[in-house]
Amino acid sequence: MGKKYENVFELLIETTVYKKKPGRNRHDPTQRFVNPAPSKRKEPLTYDISRRPSNSVEEEPKRNKNKLVSLPSLQAIKQEASQFKMLTVSVKWQKKVFEGIEIDVSLPPYVFKAQLYDLTGVPPERQKIMVKGGLLKDDADWSSIGVKDGQKLMMMGTADEIVKAPEKAIVFAEDLPEEEQATNLGYSAGLVNLGNTCYMNSTVQCLKSVPELKSALSNYSLAGRSNDVDQTSHMLTVATRELFGDLDRSVNAVSPTQFWMVLRKKFPQFSQLQNGMHMQQDAEECWTQLLYTLSQSLKAPTSSEDSDAVKALFGVNLRSRVHCQESGEESSETESVYSLKCHISHEVNHLHEGLKHGLKGELEKTSPALGRTAVYLKESLIDSLPRYLTVQFVRFFWKRETNQKAKILRKVDYPLELDIYDLCSEELRKKLEAPRQKLRDEEGKKLGLQTKSSSKDGDVKMTDAEAPSNESGESSTAAQQEGASSSEKGTHMTGIYDLVSVLTHKGRSADSGHYVAWVKQESGKWIQYDDSYPSVQREEDITKLSGGGDWHMAYIIMYKARFVSM
Amino acid sequence: MAPGPDPNSVGDGAKRDEATIKVPSKDPKKKDDKKEEDLSEEDLQLKQNLELYVERVQDPNPELQKAALESMRQEIRASTSSMTSVPKPLKFLRPHYGTLKEFHKNMAESDLKKLLADILSVLALTMSAEGQRESLGYRLTGSEGDIGSWGHEYVRNLAGEIAEEYTVRQGEEASIEDLMDLVQQIVAFHMKHNAETEAVDLLMDVEDLDLLLEHVDRTNFRRTCNYLTSAAKYLPGPDDMLVLDIAYMIYIKFEEYPNALQIALFLDNMQYVKQVFTSCTDLLRKKQFCYMISRHGITFELDPEMVENDVDREMLQDIVNNTKLSEGYLTLARDIEVMEAKTPEDIYKAHLLDGRASSGPSADSARQNLAATFVNAFVNAGFGQDKLMTVPSDSTSGSAGNWLFKNKEHGKTSAAASLGMILLWDVDAGLTHLDKYFHSNDNPIIAGALLGVGIVNCGIKNDCDPALALLGEYIDKEDSSVRIGAIMGLGIAYAGSQNDQIRSSLSPILNDAKAPLDVIAFAALSLGMIYVGSCNEEVAQSIIFALMDRSEAELGEALTRFLPLGLGLLYLGKQESVEATAEVSKTFNEKIRKYCDMTLLSCAYAGTGNVLKVQDLLAQCGEHLEKGDIHQGPAVLGLAMVAMSEELGLDMAIRSLERVLQYGEQNVRRAVPLALGLLCKSNPKVTVMDTLSRLSHDTDSEVAMSAIVSLGLIGAGTNNARIAGMLRNLSSYYYKDASLLFCVRIAQGLVHMGKGLLTLSPFHSERLLLSPTALAGIVTLLHACLDMKSIILGKYHYVLYFLVLAMQPRMMLTVDENLKPISVPVRVGQAVDVVGQAGRPKTITGFQTHSTPVLLAAGERAELATDKYIPLSPILEGFIILKENPDYREE
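Values in this document were obtained by computation on a predicted structure and should not be read as measured data.

About the criteria used
Residues numbered from 1 in each chain as written. Chains lettered and ligands numbered in written order. Predicted model: local features only at pLDDT ≥ 70, side-chain atom pairs only at ≥ 80, totals over all residues. Heavy atoms only, no water. 1 Å grid on protein atoms, 1.4 Å probe; cavity = no way out; pocket = protein on both sides within 12 Å on 5 of 7 lines; lining within 4 Å. Points joined across faces, edges and corners; volume = space filled by probe spheres on them. Helix = DSSP H or I, 4+ residues; strand = E, 2+ residues; numbered from the N terminus. Pairing = 2+ DSSP bridges. Axes fitted to C-alpha atoms, helices over the stretch in contact; angles between N-to-C directions. Contact = heavy atoms within 4.5 Å. Parallel < 35°, antiparallel > 145°, perpendicular 65-115°, else oblique. Left-handed = near helix turned anticlockwise from the far one by under 90°. Nonpolar A, V, L, I, M, F, W, Y, C, P; charged D, E, K, R; others polar. Core = buried A, V, L, I, M, F, W, Y, C linked by side-chain atoms within 4.5 Å. Buried < 20%, exposed > 50% of the residue type's maximum accessible area, 1.4 Å probe, protein only. Expected span 1.5 Å × (residues − 1). Phe/Tyr/Trp six-rings, centres within 6.5 Å; stacked < 30°, edge-to-face > 60°. Lys NZ or Arg CZ within 6 Å of the ring centre and 35° of its normal.

A closer look at empty space enclosed by the protein
Empty space among the atoms can be located by rolling a probe the size of a water molecule over them. All names here are of chain B. All told, the structure shown has 15 cavities of 30 Å³ or more when counted by the stated rule. Taken as a whole, the largest cavity holds about 220 Å³ of empty space. Around the largest cavity, the lining is made up of 18 residues, and of these Y291, R295, E877, G878 and F879 lie nearest the centre. For the lining of the largest cavity, the leading source of residues is helix α17 (residues 283–296), giving 5 residues.

In structure tokens, the structure reads:
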């Protein structure tokens, strides 16, 4: 930097040295007072021209001196060193005004800038001084600029650091490749309707919201296919995996052509035609079949019963008591299902009632005691809880009288948070007791309430619904083990579930209408996947899908378990 | 008016006349004799008397005649009943009108004849057929006595007949001297009897308003001038100027200088402005004038003739130069307590949208950051601080630098320039902040800094001309973005200044064959701004040549539209002066010819309310053309520009635009929202808001975009909660469409412009004056919005900063005699139109009392709520100097 200034700037540096000895300078006829008035420094600011190293500049004042002596304007200047023509100007810089700065017109404006440097700390090359007709140039001639005595000049410039571009260039979303833009959106793409395939699209979207299923699928190829899985199931599993991957990567709607082909191959009922078009299908059927296929193919090669990933995620173990009133026989049986049914009768207004209703049934079977068929009452209770609880609203039924499939439009409310404690078996309830207490304490604390046991459980952390889903990426087996018993890792089921996806049907009849998926994202947003158009929805609108009108109504809903760590 | 009898029945049948008289509460179908029976004793007596007089008048004896006439006159004058029904004497005399007329015709010239003529003149009031002007005829032959003695209705009728007669005589080129005598009398009468409006009407009819000057006095000049100024809006051609001229002279006569100045500014007559200064001797009042001029945004140099003392002149010039605007604005901001800087997020209020909160730490979107830059600039405009650009940078990674670099390429131009907006009007601080960007090695940043300098200096004049000194050097730089930055900066900083030095440096660019199109376009635009409304021939020439030099391909470019626009701005509001240039424009390449035509027409008649031009433009909008024609856009905008000046025309324009929307082609529909935005800038009318809200969901995305931007314009600086809510919902509706979302963000920034302290309305002084530079700024933006995709959504988004020309604090700030702000109580309420109302009606309604400084919304007016001070201007807007009232007594 120093080199750039060359002689005049060096001179300036000397100035700062010399002004410390004002006594000597005062008698020096060649030196000038610069700005005696408002400078922050008390002593007059001076510099010594005689010490200037350059000869050419030194000669200049002499020449001017001779020329200027006779000029009448000299009289205006009262300073002792008034042989030279001086102009007194004030300079405005930012909000400050420096009065009475003298300009020696014999010297190039650079000297003036050097004066200002001392006052303002702005390096001369950063100074911009406005004069008539533009900026003051370093080598301009004062006489041609036309600065008048007493004029107010304006200076612009700062000593601030010059802005530099950050070393790490900022990456803009617009420059990103397509798949990364997708992650920016916070939700994945929609699926193109290939002709009445909304049942499939909505099913896929709902199932895709289960991260554990995704990770299980991604491990699938590694595990290789076990021998007892047939070719088509394998293909379907692979197609599912690919489709999920495509959805995550894409911004625009994905066309599920491959998946659809394989699905139809595996389940020929989906390729039924009607008037040359593919028929509308039941989403529940698609859902069940797809899950079944996946559960078959995702069975770990070690093939123990517990390692069925799908079952671990969705399977509900039911323990039923079958009771015959006539004979008083009683037996118990267990079964495993992938979804609970919510039966809709005239008394059912709420999901809970429907579930209870669904767990009770009558069946006719031959009674060994009576020796004929008798009516048995079957009451089921949940024996083990799944990670994801699927509930199907039994809205479609076969009307015997008319030989038609009919739809029940009845409004059945469902909550965003479902507690199925009272549907559980005694043993399970006992297991749930402690975690539920923790959960209640946690919630109480959250609300700022002091509970009795809170002091003890201060360190208890409730893992949010997301926590297990994040770690599930590690391995599917971990998820499997957890799903069934969920005790080893310290997280416990609470019997409380949060709504994560809703598959709705719109339309009055069972054979036509439109399926749409409503899925909660990890960010907490609800997205409506209407084939290729995802759109954001409000949470309170999700509970309005409970039926009772012509709006979308829930057909299959999925809840995610809430865990508490102990 | 009395019931008009059948024109053919005058001479012949008294009987038929009788039948047509409407007698209140009586069945007109009754027969004459029956009616007579119904008359009361008194009336019967009167009737008989009158009949007697009529007979006597025809008596040969002059004595008797005279007595009869006198009595008749007595009777007529005595009947003071109002004109809701025909006065009885007149009614009873009606059957004899024909007889008397006949008799009068045959009478010899005498006083008596004149007397009779007087009476006939009065009788003709109810009897004369339409178009006969008998009343006037008899009046002229009559005795020329005091005209008022026959009552108001008579005078009024006479005035009407004079107007008719005048036109007839004008056609025949006959003398009108006798009429003018009568006019004199009538005007004098009207002016004395609170009927200024009628006096003015009559004088306008006979085209001799000068007479008014003799008859106005202290008591009625205000009402007179009020009527004159508001009537001027509806007058055609040169008449309106004439009328305002008279109003100006009246104001000067009664030393009502602020009003006189207002009219002088309206007329754009600097001679008059000067006269105001020379006629007024009070320095304090002159200061007030300077504030008024500064608000109008014109460049005005005081000379020693206007203000003698040098020191005073300098101080006044400072006011004209707007140097204190920033200070006043900040005083207002501090008083309202909105100094705290706002971030774009404070404006978006994303938390009010469900589940739409940002999805974690995603990558920066350049588009959204650019939008945030603009929002930040608009919202914090003039406050000198914000949370993105001016935060002090720490040593390693200054956050100011950071934000700048969060914008991409040309986005950095807008980001750097946003500093200018944030430090608006504060030249010193602004230049300080911008300085460091001059030394950047990144061209877009330098361009932004240059533009920023222009913005900071917008509306502020400085003796040192810092903008010119700084920007002048960059005009001919290599990089075109830097050039554009400098050129646009000059255009903004020197809008309306007619600075020759800039012209001589910008004009060569226009005709430089090597210059890129965008540089030429911005040069033309800047010249248009600098010479706005000047009709400068040289500039016009340069732009015309530049237009002619453009190749076919260049004419198809979006930016080319700035050339005709620049040309149009030269003639902004200058009406006929544009004709020569418009003629030249007919020779242009057909691609641009019509666009140029429309732009010139709309600019020249902007704010005039000229109905014929509105019709022309409407006709253009209604055409259904092949694709590719772009001239309908400016036609729609022109419609709004012409009609925007007065309320009635404005409402009609809004209605017509609805029709245009329904029947127009797509390119017309795209311009309609913008036109609506122009009509209601910073004036969120609910109906317009609803229309725009509807259009913002239009299937055509360009219609939607312009509707969204217009929502921002109509709500600009109002903080209107309803629009803010609409925009918030739109932001969630369009969150996937980056372009539309950008528009929504811009609109959000506009609505909260200056945190609600600013307005974009070019109208001020009770909507009378139209600031040409402000209008130029808005019109430029709107023209840019006609092709949103290639300009604002392209790389020329900084044209948004042209809005700065229209940005003004919507405040009323009272200052004392030393120009220090003082707080006084004021009433702020909805302005009431009091033109033509008798007495001293209230000028505001539904008012609330605040203490100054206060904000004035569109259509609001303030009045002082204390007698302690006297405002030096009757128009309480902007800076108002208060003088202590010497008569004030503390209670």
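Anyway, onward from the coordinates.
Observations concerning the sheet that holds strand β7 (residues 844–851) of chain B
Strands pair in a sheet through their backbones, by hydrogen bonds, and they do so in one of two ways: parallel or antiparallel. All names here are of chain B. Taking strand neighbours across the sheet as the criterion, the 3 strands line up as β7-β6-β9 in an open arrangement whose pairing is antiparallel. Where the open sheet ends on each side, the last strands, each with one partner, are β7 and β9 (860–864). Along the sheet, successive strands turn relative to each other by an average axial angle of 30°, direction set aside. Both strand β6 (residues 825–831) and β7 contribute to a ladder of 6 bridges, which runs antiparallel. Note that in β7 the partner of R827 across the bridge is T849.

Side note on the sheet that holds strand β5 (residues 128–131) of chain A
With mixed pairing, 5 strands are arranged side by side in an open sheet as β4-β3-β7-β5-β6 (chain A). Here the strands that pair on one side only, and so sit at the sheet edges, are β4 (96–104) and β6 (134–135) of chain A. Contacts between helix α4 (residues 109–120) of chain A and the sheet are confined to β3 (86–93), β4, β5 and β7 (152–156) of chain A, with β4 of chain A contributing the most and set at about 150° to the helix. Helix-sheet contacts for helix α24 (residues 427–438) of chain B involve β3, β5 and β7 of chain A, and the interaxial angle to β7 of chain A is about 40°.

A closer look at the packing of helix α23 (residues 410–422) of chain B against helix α25 (residues 443–456) of chain B
Residues and elements named next belong to chain B. Taken N-terminus to C-terminus, the directions of α23 and α25 make an angle of 25°; their axes are 7 Å apart at the nearest point. Taken together, the axis directions place α23 and α25 in an arrangement best described as roughly parallel. Crossing hand, α23 versus α25: right-handed. Contacts between α23 and α25 involve K412, T413, A416, A417, G420 and M421 from the former and P444, I445, A447, G448, A449, L451, G452, I455 and V456 from the latter. Counted by class, the contact of α23 with α25 contains 10 nonpolar, 4 polar and 1 charged residues.

A look at the packing of helix α29 (residues 517–530) of chain B against helix α32 (residues 562–570) of chain B
All names here are of chain B. In the contact formed by α29 and α32, the axes pass within 7 Å of each other and the chain directions differ by 10°. Considering the angle they form, α29 stands roughly parallel to α32. The residues of α32 that touch α29, namely those facing I520, A521, F522, A524, L525, L527, G528 and M529, are F562, L563, L565, G566, L569 and L570. Grouping the constituent residues of the contact of α29 with α32 by class yields 12 nonpolar, 2 polar and no charged.

Observations regarding the nonpolar core
Judged by nonpolar contacts, the single largest core of 307 residues is most densely connected at L212, F522, F562 and Y801 of chain B. Discounting chain neighbours no more than four positions away, the residues touching F522 of chain B are I484, I487, M488, L559, F562, Y796, Y798, V799 and F802 of chain B. In this structure, A239, C286, Y515 and M558 of chain A belong to the second largest nonpolar core, which totals 52 residues.

Here we look at the environment of K613 of chain B
In this structure, K613 of chain B sits in helix α35 (residues 611–622). With residues up to four places along the chain from it excluded, the contact list for K613 of chain B reads L601, Y605 and V642 of chain B.

Details of helix α13 (residues 221–232) of chain B
Residue and element names in this part refer to chain B. Between its terminal C-alpha atoms α13 stretches 16 Å, which fits the 16 Å expected from 12 residues at 1.5 Å a residue. For α13, the tally of buried residues reaches 9 of 12 residues, placing the bulk of the element in the interior. Among all positions in α13, only F221, T224, C225, Y227, L228, T229, S230, A231 and A232 are buried. Elements that come into contact with the buried residues of α13 comprise α10 (177–192), α11 (196–205), α12 (210–215), α14 (239–253) and α15 (257–267).

So, the packing of aromatic side chains
For the coordinates displayed, the defined rule picks out 24 aromatic pairs over all chains. Both rings, one in F221 of chain B and one in F254 of chain B, keep their centres 4.5 Å apart while their planes meet at 10°; by these two values the pair is stacked. Separated by 33 residues along the polypeptide, F221 of chain B in helix α13 and F254 of chain B in the loop between α14 and α15 bring together distant segments of the chain. One exposure class covers both F221 of chain B and F254 of chain B, and it is buried. Every member of this aromatic cluster is reached through a ring pair, and the members are Y257, F277, F289 and F300 of chain B. Positioned above the aromatic ring of W260 of chain A, the side-chain terminus of R264 of chain A is 4.0 Å from the ring centre. Above the plane of the ring of Y348 of chain B lies R745 of chain B, whose end atom (NZ or CZ) is 3.7 Å from the centre.

Things to note about the environment of C286 of chain A
Residues and elements named next belong to chain A. Inspection of the secondary structure puts C286 in helix α12 (residues 283–297). What makes C286 buried here is its relative accessible area of 1%. Discounting residues that sit within four places of it in the chain, C286 has contacts with Y199, M200, T203, L263 and F270.

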